[in-house]
Amino acid sequence: MSIPVSDRLLPARDVPLGGVRGVTVERTLPHRDLPTIGAWCFVDHFGPNGMAMKVLPHPHTGLQTVTWPLVGQIRHRDSLGNDLLVKPGELNLMTAGHGIAHSELSDDPVQHGLQLWVALPAATRDGAPAFEHHGDLPTFEDGPLSGTVMVGELVGLRSPATIHSPLVGAELRMRPGSATLALDPAYEHGLLVFDGEVEVDGTMLEQGPLLYLAPGRESFDLRADATARMIVIGGEPFEEEIVMWWNFIGRSNDEIVKFRTDWEARGERFGHVEGHGGAFIPAPPLPNATLLPRRRRPFTKD
Ligand code: MN
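Along each chain, residues carry numbers from 1 onward, in the same order as the chain's sequence is written. The model is predicted, so local features are restricted to residues of pLDDT at least 70 and side-chain atom pairs to those at 80 or more, both for listing and for counting; the totals for chains, interfaces and linings are taken over all residues. Think of the side-chain values as coming from all heavy atoms in the structure, minus any hydrogens and water.

**A short note on the coordination of the manganese ion**
For a metal with four donors in a tetrahedral arrangement, the ideal angle between donors is 109.5 degrees, while six donors in an octahedron ideally sit at 90 or 180 degrees. Cut-off, in case you're wondering: Here the term donor refers to an N, O or S atom within 2.8 Å of the metal (or 3.2 Å for Na, K and Ca), and because water is left out of the atoms, sites may appear incomplete. When a residue's accessible area, from a 1.4 Å probe over protein chains only, is under 20% of the maximum for its type it is buried; when over 50% it is exposed; and in between it is partly exposed.
Every protein donor of the manganese ion is listed here as H58 (NE2), H60 (NE2) and H102 (NE2), and their distances to the metal cover 2.1 to 2.2 Å. Mapped onto the polypeptide sequence, the residues donating to the manganese ion form the spacing pattern H-x1-H-x41-H. Residue classification places H58 among the buried residues on the basis of a relative accessible area of 5%. A residue is classified by how much of its surface remains accessible, and H60, at 0% relative accessible area, is buried.

**Topic: the pairing of strand β6 (residues 63-71)**
Just so we agree on the cut-off: Only runs of H or I of at least four residues qualify as helices and only runs of E of at least two qualify as strands under DSSP, and these elements are numbered from the N terminus. Paired strands, as defined in this entry, are two strands with at least two bridges between them according to DSSP.
Most of β6 sits inside the fold, with eight of its nine residues counted as buried. In terms of strand pairing, β6 meets strand β11 (residues 112-119) through eight bridges, oriented antiparallel. Bridge assignment links W68 to a residue of β11, and that residue is L114. Bridge analysis of β6 against strand β9 (residues 91-95) gives four bridges, and the strand direction is antiparallel. When the bridges of β9 are listed, V66 appears paired with L93.

**Side note on the confidence of the model for the protein chain**
Should pLDDT be low for a region, the predicted coordinates there are not to be read in detail. Note the threshold: Each residue carries a pLDDT score, the predictor's own confidence in it, on a scale running from 0 to 100. Only heavy atoms enter the contact rule, under which two residues are in contact if any of them lie within 4.5 Å.
Confidence along the protein chain averages 92 in pLDDT terms, with 96% of residues attaining 70 or more. A low-confidence stretch, residues 1-5 (pLDDT under 50), is modelled with seven contacts involving residues beyond four sequence positions or located in other chains.

**Brief notes about the pattern of salt bridges**
We apply this condition: When a carboxyl oxygen of Asp or Glu lies within 4 Å of a side-chain nitrogen of Lys or Arg, that pair is called a salt bridge.
Inspection of every chain in the model, using the stated rule, returns 18 salt bridges. A salt bridge links R158 to E153; the shortest N-O distance between them is 3.2 Å. E153 gets classed as partly exposed once you look at its relative accessible area, which sits at 38%. Between R223 and D225 there is a salt bridge; the shortest N-O distance is 2.8 Å. Overall, R223 belongs to the partly exposed group, its relative accessible area being 30%. On the basis of relative accessible area, D225 is assigned to the exposed category, the value being 61%. One salt-bridge network, in which partners are shared between bridges, spans E171, R173, D195 and R229.

**Considerations on the sheet that holds strand β20 (residues 203-206)**
For clarity, the threshold we go by: Each axis is a line fitted through C-alpha atoms, taken for helices only over the stretch in contact, and angles between the N-to-C directions span 0 to 180 degrees.
The strand order across the open sheet built from four strands is β17-β22-β19-β20, with neighbouring strands paired in antiparallel fashion. Looking along the sheet, the strands with just one partner apiece sit at the ends: β17 (177-182) and β20. Taken pair by pair, the neighbouring strands of this sheet meet at an average axis angle of 30°, ignoring direction. Across four bridges, strand β19 (residues 197-200) lies against β20 in antiparallel orientation. Pairing of E199 across the sheet is with M204, part of β20.

Below, the structure written as structure tokens:
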């Protein structure tokens, strides 16, 4: 089956996260023509890079962070008082809502993982912050295909993680062979390979780009010659227009300015993360131009 024109390979771009180690991540979402897939609004793939992760306390609003380590463990601390390690196969899900601060550090020299963000809808985006750790997620096996459902529902299995819009996120693993994965046709999907390579409905996909699959699809076929691992994300197209800047998601320029001011004032909104001696990541300067919502538009040529 050929890929319909509305499907698209979204190239990864290398984004330096700064800091003394100069960590660079591969970012595939947001894309300039596609701000979200379902409510997923941010996809970063980091490593394997042999570098320890050191992300000091920083704030978030209006989103959930989904942390999924592939190699190495990450210590999460937040302003709600949570302090724990997340390991491969486990999920950290932090709901920022009105505001939260957290840090993520690792001493492991071989870091490989994914961090994704989910935009919260109007009804819950200003709600109370929350944090969940899930070490026992539903898994499935179907011939050469197996998977772990991180959030939402896939192949009739539902993750216990709390979500606020119809969406799915899962890790998929292929052994040599072919398999078909059933999808919710109301959802759009994205597929990102982080280990090996896999053929998706006849198109070879390897580490780097994210394959966007438009709504209306009831399944896709996977074929692999060797072991491969990937994530699939998806959801009902998110209709709200979001303004995304630094670690904040809001709905207007003024709101983002307010979030930034609150962080710089070290005020009540974000609280305090213990254990860093008061160290934190300051907000970068705002751009001179007014921040505008990211809008979906027909894919332009790269
Ligand atoms: Mn963060």
